[in-house]
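The chain contents come next:
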Amino acid sequence: MNVQIEESWRPHLAGEFEQPYFKEIATFLKAEKAAGKTIYPPGPEIFNAFKLTPWDNVKAVLLGQDPYHGAGQAHGLCFSVKKGIKPPPSLVNIYKELEEDIDGFKAPGHGYLAHWAEQGLLMLNTSLTVEAGKPMSHSKIGWERFTDAVIKTISAQKQGIVFLLWGRFAQQKESLIDHSRHFFLKAAHPSPFSAHSGFFGCRHFSKTNSILQQEGKEPIDWKLEP
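Residues numbered from 1 in each chain as written. Predicted model: local features only at pLDDT ≥ 70, side-chain atom pairs only at ≥ 80, totals over all residues. Heavy atoms only, no water.

*Asks:* How should I be thinking about the environment of I94 in this particular structure?
*Replies:* Tracing the chain through its elements places I94 in helix α4 (residues 89–101). Judged by its relative accessible area of 1%, I94 is buried. Linking I94 and P190, residues 96 residues apart in sequence, is a C-alpha distance of 6.3 Å. Residue contacts for I94: discarding those within four places in its chain leaves F79, W116, W166, P190, F199 and F205. (Helix = DSSP H or I, 4+ residues; strand = E, 2+ residues; numbered from the N terminus. Buried < 20%, exposed > 50% of the residue type's maximum accessible area, 1.4 Å probe, protein only. Contact = heavy atoms within 4.5 Å.)

*Asks:* Help me understand the environment of L13, please; the structure alone is not making it clear to me.
*Replies:* On the secondary structure map, L13 appears in helix α1 (residues 10–17). Taking the C-alpha atoms as reference points, L13 and P87, separated by 74 residues in sequence, lie 32 Å from one another. The contacts of L13, once residues within four sequence positions are left out, are I5, F50, F146, V150 and T153.

*Asks:* Can you help me understand the nonpolar core in this one?
*Replies:* Soluble globular proteins: nonpolar side chains tend toward being buried together. W9, F47, F50, W143 and F146 are the most contacted members of the largest nonpolar core, which totals 70 residues. Excluding its chain neighbours within four sequence positions, the residues that come into contact with F50 are I5, E6, W9, L13, L122, L124, L128, F146 and V150. (Core = buried A, V, L, I, M, F, W, Y, C linked by side-chain atoms within 4.5 Å.)

*Asks:* Help me understand the packing of aromatic side chains in this model?
*Replies:* Two aromatic rings, taken as a pair, are described by how far apart their centres are and by the angle between their planes. What the rule picks out here adds up to 21 aromatic pairs. Seen in terms of ring centroids, Y21 and F22 are 6.2 Å apart; in terms of plane orientation they differ by 75°. Their pairing is edge-to-face. Here the two residues Y21 and F22 agree in accessibility, since each one is buried. Here the aromatic rings of F47 and W143 are separated by 6.0 Å at their centres, their planes lie at 75°, and the arrangement is edge-to-face. Residue F47 is found in the loop between β1 (39–40) and α3 (48–52), and its partner W143 is found in helix α6 (residues 143–157); the two are separated by 96 residues along the sequence. Feature note: the residues W9, F17, Y21, F22, F47, F50, W55, W143 and F146 constitute an aromatic cluster, connected by ring pairs. A cation over an aromatic ring shows up here: K158 above the ring of W55, its NZ or CZ 4.6 Å from the ring centre. (Phe/Tyr/Trp six-rings, centres within 6.5 Å; stacked < 30°, edge-to-face > 60°. Lys NZ or Arg CZ within 6 Å of the ring centre and 35° of its normal.)

In short, geometric facts, not functional conclusions.
Set out below in structure tokens:
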């Protein structure tokens, strides 16, 4: 695999790219494509989270599970979809919470969240690919080992990062993170199945900014262009 990852990440993750498991991921994806299967996101966008949030810019991490599996949705950032694609239900609920939490936030007519990533929010799915129409289809091919390594590397080499852990799956990653060095914000997942059980009212967006300001960092402008 020609790993199209932003250059600042390479010194921190280069060892992973040489591991047998990573080469097995590449072999699997090539075989699936050769068999005519559609994989999301497109190859150049698999590592988009790293491209839009270079290593030195990371100040918060939002963890998702796996990419959207519908046509044109996934582009390498958890919870985000390309412009022109209807915002999925979880993102609609994220916007509802933002409208209650952040003064002046208005839900845009799109679900494109790159503005957040460009400000230092690493929007990382734990699996970086998925087969069209088959959620979690690539959850066992090795991606989780890679993204666990990303989380552990951030934990070990950075200080004062805010981790937003929504839902049980994301919260399982808490064990990878040094509690003495970083901050945690935990809530239910924004899915329609669980948002009313602890996501709505979590105020994670304003809380993230309060922590960042306490750490002497720029807060995130959560507002999105219409």
